[in-house]
Amino acid sequence: MALVEIRDVHKSFQREEQRIEVFTGLTLDIDAGSFTALMGPSGSGKSTLLNLVAGLDRPTRGVVRVGGAEVSTMSASQLAAWRARNIGFVFQSFNLLPVLTAYQNVELPLLLTNLSGKDRVERVKIALDVVGLSDRADHYPRQLSGGQEQRTAIARAIVADPTLILLDEPTGQLDAKSSQEVLSLLQRLNNEFNKTIIIVTHDAHAAERAKSTLHLEKGDLIEKRAVAAAR
Amino acid sequence: MKYLRLVVANLGRHKLRTVLTILSVALALFLFASLRSVVTTLAATAQFGGARRLVTLNATGLVFPLPLAYGNRIKALPGVTGLSWANWFGGRYGDGNTFFANFAVDPESYLAIYPEIVLPADQKQAFFQDRTGALIGERLISRYGWKLGQNVTLQGTIFPGDWTFTIRGVYTPTDPAIGDDVLIFHHEYFDERIGRAGIAGWYIVEIDDASHAAAIAKSIDDVFRNSSSPTKTGTEREFQASFATMWGNVSFLMSTIGLAVVFAILLVTANAMMMSARERTGEIAVLKTIGFSDRLLFGLVMVEAGALALTGAVLGLGAAKLLYPAINFNGAGFLPGFKVTTSTLVVGLLVALGLMLASGLVPALRAARLPVVQALRKVE
C-alpha cells in the first residue's frame, strides 16, 4: 500500500531571468514499510522531491499525498503540525543545535507534543538507546564524533515515532565506518520497527542497503529497481 | 515552560554578548529612572506650598534682601494672620564637598507657620531657648552621625567666618518638599553676627483665606512700591515654582537625554537580537523542519528579547530604586525628597516592554517568515 503518492507533480524555480523546470509531471508511489534510496546526479531533483514529501516546499502543480493527507494543499501552520507528527528529517550536516545536549536535541520534536515531562524523558531515553548513544546523552554536539552526531540526528528524527523518515545524504559527511553504522541503524529501523525510510544519496553502497532504489534524471523517474542484496 | 530551556540555551550561546546587552538595558533604564526622578521631584517641589502662605521677596531678585523693618508693616495689613522671615545662609560643612541647605529663621514664628516641620516639644523648646541652637532634618543625622547637643561648625560663604551651632532638635517633615536635610538656626544670632544689618531674605506671610491671596499680595507690594526696596509677593507655590522654572530647561534637557539614551540602547539591543537571529538562520530552518510553527518561533524570539529587556529593566530600575535611598541622595540639597516613584518604575517597565517589542519584532518576524528550503540550502 502506497504511503507516499506523487501525482503529476510539476515543480519549477525562478532563478533571476531563468525558469528552471525540475519536475514536469512526476508520478510515483512509495509503499509503507519500504526503504527507498533516491539516486541521481546533482540537479536531478532528489532533494526537491524530499522537500515536497516533507511539506517543506510546494509543487507548482500536482498532488503530494502522504498517509492519505494531501500535503500540497495544507496551510503553513497545518504543515508544521503535520510534520511534527509524521515526518522525521535527517540532514547531511546533522544540524544539531550546538547549545543543546544530545538529550535536549533529541527531545525537541517532543516539545511539540502534549507528552508529560516524564513521558518525554522515557521516549528520549529509548531513542538514544536505539541509536546506541545512551551514554552520550549529556554531551554537546561539539563533544561528539560525526557518526555520533548523525546518530543523534536520527534519534531526533525517530523520537516522535513518525510515519516517515526522510534522510538527505545522511552519510555524505561521514567516514566509511560511521557510514556503515548509520546505514545499519537505518536498516534496523526499517526491519525491526517497520519505519518507512526515504534516503537521498549519491553513494551506491548506501543505496545497496535500501530495499529499492529510484533513479531520477532531470526530474524524470528513469528507473525503479528492487535491491535484493544486503539483507 | 517546556520551551524555557531552549530560550535559556539560546541566551547562553554568547554569554558575554547577552551580559553586555542586559547591562546596557540596565544602564539605560537606570539613567531613565534617575533623570525622570529629577523631573518628577522638581515637579513635586513646584507643587509644594500652603494655600494660605504668601512669600514676599525683593522685587529686584531673590539675592537682594529686604529690610527687617518691613515685617511690622506687613503684619499690620488686613487679612495677614501670621508672619515669619528667613535668610539664606549658604554655609559649608567639613571639606565642603557635600552640601545641604541652611538658613536663618525666626524660630517661633517659622515653626508656627510651617506645621509640616514636626519635632518633639522638648526639642522645640530647647531650640527656642538657645540662641546658637540649630534644628536639623533627620537625614543629616544619618548622613553625618550627629547627635543632639553636639556642636556643628559651618564655614560661611556669603557671610564669612566659622559659625558654630548646637543641635537642639531633629525634625521630620510631613511633606517631603520641605526637605529632610536642612539646617535652620536663629535669625537673631545671624543678625547679631553680621553687625545688625537688619535684613531678611524673604518673608512668609500667613493669610486668613486663600481666596484673598491675590488681593493681599497686591496690598503688600503696594505698600513698598515707592520704597528703596520694592517687593514682589506671590503664593508660596509660585515661589517654589519659580525655583522649578529655573530648572525648566534642565527638565526638558533631562527628558530629552533620557529618551535619547533609551533610543540608543534600543538600537544596541535590536542589533544584538538581529545578530543573534541571523546567526541562527540555519537552526531556525531546522526547527521548522522538525515542526516548529512560524507562530511558535516568533514567540520564542520575542521571549528572548523580552528576557533581555526585562532582566535589564529589573536590574536598572531596581538599582535606581535601592541606590538613591541608600546613599541619601538629594541632589546636593537641590532635590529635597528625591525618590524614584512607582509611576517612574511603571513607565520604566513600559519602556522595557517597548524595547522588547522594538528589538524583538524584526528578528522574530524574520524567523517566522524564513523560507525553510532556501535557508536549508544555505546550511547544507
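Residues numbered from 1 in each chain as written. Chains lettered and ligands numbered in written order. Predicted model: local features only at pLDDT ≥ 70, side-chain atom pairs only at ≥ 80, totals over all residues.

Participant: Account for the overall build of chain A, naming residues and giving values.
Facilitator: Within chain A one finds seven helices and ten strands. What you see for chain A is a C-alpha radius of gyration of 17 Å, in line with the 17 Å of a compact globule of 231 residues. Taking the principal axes of its C-alpha atoms as reference, chain A extends roughly 50 × 40 × 40 Å. Counting every position in chain A, which comprises 231 residues, the buried fraction comes to 50%. Look at the contacts in chain A between residues 6 or more apart in sequence, and 66% of them connect residues 24 or more apart. (Helix = DSSP H or I, 4+ residues; strand = E, 2+ residues; numbered from the N terminus. Rg over C-alpha atoms; globule rule 2.2 N^0.38 Å. Buried ≥ 20, exposed ≤ 12 C-beta atoms within 10 Å, placed from the backbone. Contact = placed C-beta atoms within 7 Å.)

Participant: Any details on the overall build of chain B? Residues and values, ideally.
Facilitator: Counting its secondary structure elements, chain B contains 14 helices and 13 strands. Considering only residue pairs separated by 6 or more positions, chain B has 82% of its internal contacts joining residues 24 or more positions apart.

Participant: Before we move on, could you go through the interface of chain B and chain A and cite the residues and values that matter?
Facilitator: Tallying the contact residues gives 22 residues for chain B and 23 residues for chain A. Elements supplying a minimum of two residues to the side of chain B that touches chain A: helix H1 (4–11), helix H11 (281–290), helix H12 (294–326) and helix H14 (372–379) of chain B. In terms of residues, the side of chain B that touches chain A owes the most to one element, H11 of chain B, which gives six residues. A breakdown of the residues in the side of chain B that touches chain A according to their chemical character gives eight nonpolar, six polar and eight charged. (Nonpolar A, V, L, I, M, F, W, Y, C, P; charged D, E, K, R; others polar.)

Participant: Go over the packing of helix H3 (residues 102–111) of chain A against helix H5 (residues 146–158) of chain A, please, and point to the residues and values.
Facilitator: The angle between the axes and the distance between the axes are what describe a pair of packed helices. Residue and element names in this part refer to chain A. It is the contact of H3 with H5, at a shortest axis distance of 7 Å, that shows an interaxial angle of 30°. Here H3 lies roughly parallel to H5, going by the angle between them. The way H3 lies across H5 gives a crossing that is right-handed. Where H3 approaches H5, its residues Ala 102, Asn 105, Val 106, Leu 108 and Pro 109 are matched on the opposing element by Thr 152, Ala 155 and Arg 156. Residues of the contact of H3 with H5, tallied by class, amount to five nonpolar, two polar and one charged. (Axes fitted to C-alpha atoms, helices over the stretch in contact; angles between N-to-C directions. Parallel < 35°, antiparallel > 145°, perpendicular 65-115°, else oblique. Left-handed = near helix turned anticlockwise from the far one by under 90°.)

Participant: So what's going on with the confidence of the model for chain B? Which residues, and what values?
Facilitator: Caution is warranted with low-pLDDT regions, since their predicted coordinates should not be read in detail. When pLDDT is averaged along chain B, the result is 87, and 94% of the positions lie at 70 or above. On the interface metric, ipTM, the complex scores 0.90, and its pTM is 0.71. (pLDDT = per-residue confidence, 0-100.)

Participant: Tell me what's going on with the environment of His 187 of chain B, and back it up with residues and numbers.
Facilitator: Residue and element names in this part refer to chain B. Mapped onto the secondary structure, His 187 falls in helix H7 (residues 187–193). A count of 24 C-beta atoms within 10 Å places His 187 in the buried class. Ignoring any residue separated from it by four or fewer positions in sequence, one finds His 187 in contact with Trp 85, Asn 87, Ala 104, Val 105 and Asp 106.

Participant: Talk me through the sheet that holds strand S1 (residues 2–15) of chain A; I want residue IDs and the actual numbers.
Facilitator: Each strand in a sheet pairs with another by means of backbone hydrogen bonds, the pair being arranged parallel or else antiparallel. Residues and elements named next belong to chain A. Pairing is antiparallel in the open sheet, where four strands are placed in the order S2-S1-S4-S5. What marks the edges here is a single partner per strand, and that holds for strand S2 (18–31) and strand S5 (69–70). As paired elements, strand S4 (residues 61–66) and S5 share two bridges and run antiparallel to each other. For Val 66, the partnering residue across the bridge sits in S5 and is Ala 69. The sheet strands contacting helix H1 (residues 46–54) are S1, S2 and S4, and the helix crosses S1 at an angle near 120°. (Pairing = 2+ DSSP bridges.)

Participant: Describe the domain arrangement of chain B, and please don't skip the residues or the numbers.
Facilitator: All names here are of chain B. Here the domain parsing of chain B yields domain 1 (4–45 + 248–379) and domain 2 (60–229). Computed over C-alpha atoms only, the centres of domain 1 and domain 2 are separated by 47 Å. Counting residues at the interface gives eight residues for domain 1 and eleven residues for domain 2. Here the side of domain 1 that touches domain 2 is composed, by residue class, of three nonpolar, five polar and no charged. (Domains from an automatic or database assignment.)

Participant: Give a description of unusual backbone geometry that names residues and reports values.
Facilitator: Residues and elements named next belong to chain A. Of note, Asn 95 is a non-glycine position whose phi angle comes to about 55°, a positive value. Secondary-structure assignment places Asn 95 in the loop between strand S6 (87–90) and H3. Backbone geometry at Asn 194 places phi at a positive 55°, although glycine is not the residue there. In this structure, Asn 194 sits in the loop between helix H6 (176–192) and strand S8 (196–200). Judged by C-beta crowding, with 9 C-beta atoms within 10 Å, Asn 194 ranks as exposed.

Participant: Would you mind going over the nonpolar core in detail, with residue names and values included?
Facilitator: With 114 residues, the main nonpolar core has Leu 38, Val 53, Leu 166 and Ile 199 of chain A together with Val 25 and Leu 29 of chain B as its most contacted residues. Ranked by the residues each element gives to this core, the list is headed by H12 of chain B, at eleven residues. Beyond its immediate sequence surroundings of up to four residues, Leu 38 of chain A is in contact with Lys 46, Leu 49, Leu 50, Ile 198, Ile 199, Val 200, Leu 214 and Leu 216 of chain A. Listed in part, the 47 residues of the second largest apolar core include Leu 83, Leu 183, Phe 190 and Tyr 203 of chain B. (Core = buried A, V, L, I, M, F, W, Y, C linked by C-beta atoms within 7 Å.)

Participant: How would you sum up the pairing of strand S3 (residues 35–39) of chain A? Please name residues and give values.
Facilitator: All names here are of chain A. A large share of S3 lies buried, amounting to five of its five residues. Two strands pair when backbone bridges link them, and S3 and strand S9 (residues 212–217) are joined in this way by four bridges, in the parallel orientation. Within S9, the position partnered with Ala 37 by the bridge is Thr 213.

Participant: Before we move on, could you go through the environment of Gly 331 of chain B and cite the residues and values that matter?
Facilitator: Residues and elements named next belong to chain B. Note that Gly 331 resides in the loop between H12 and helix H13 (342–369). Take Gly 331: there are 14 C-beta atoms within 10 Å of it, and that puts it in the partly exposed class. In this structure, the C-alpha to C-alpha distance between Gly 331 and Val 38, residues 293 residues apart in sequence, is 8.6 Å.

Participant: Outline the packing of H3 of chain A against helix H4 (residues 117–130) of chain A, supporting the account with residue identities and numerical values.
Facilitator: All names here are of chain A. Between H3 and H4, whose axes approach to 9 Å, the crossing angle comes to 120°. Between H3 and H4 lies a crossing of right-handed hand. Two secondary-structure elements touch here, H3 through Ala 102, Tyr 103, Val 106, Glu 107 and Leu 110 and H4 through Arg 120, Arg 123, Val 124, Ala 127 and Leu 128. Counted by class, the contact of H3 with H4 contains seven nonpolar, no polar and three charged residues.

Participant: Can you break down H4 of chain A residue by residue, with the values?
Facilitator: Residue and element names in this part refer to chain A. Here H4 contains 14 residues, and its C-alpha end-to-end distance of 20 Å stays within 8% of the 20 Å for a straight helix at 1.5 Å per residue. Of the residues making up H4, those classed as buried are Arg 123, Val 124, Ala 127 and Leu 128. The buried residues of H4 all sit within an arc of 130° when viewed along its axis, so they share a single face. Seen from the open side of H4, the exposed residues pointing more than 90 degrees away from its buried face are Lys 118 and Asp 119. Contact partners of the buried residues in H4: H3 and H5. Just downstream of H4 lies Gly 132, where phi reads positive at about 75°. (Expected span 1.5 Å × (residues − 1). Arc of directions from axis to C-beta.)

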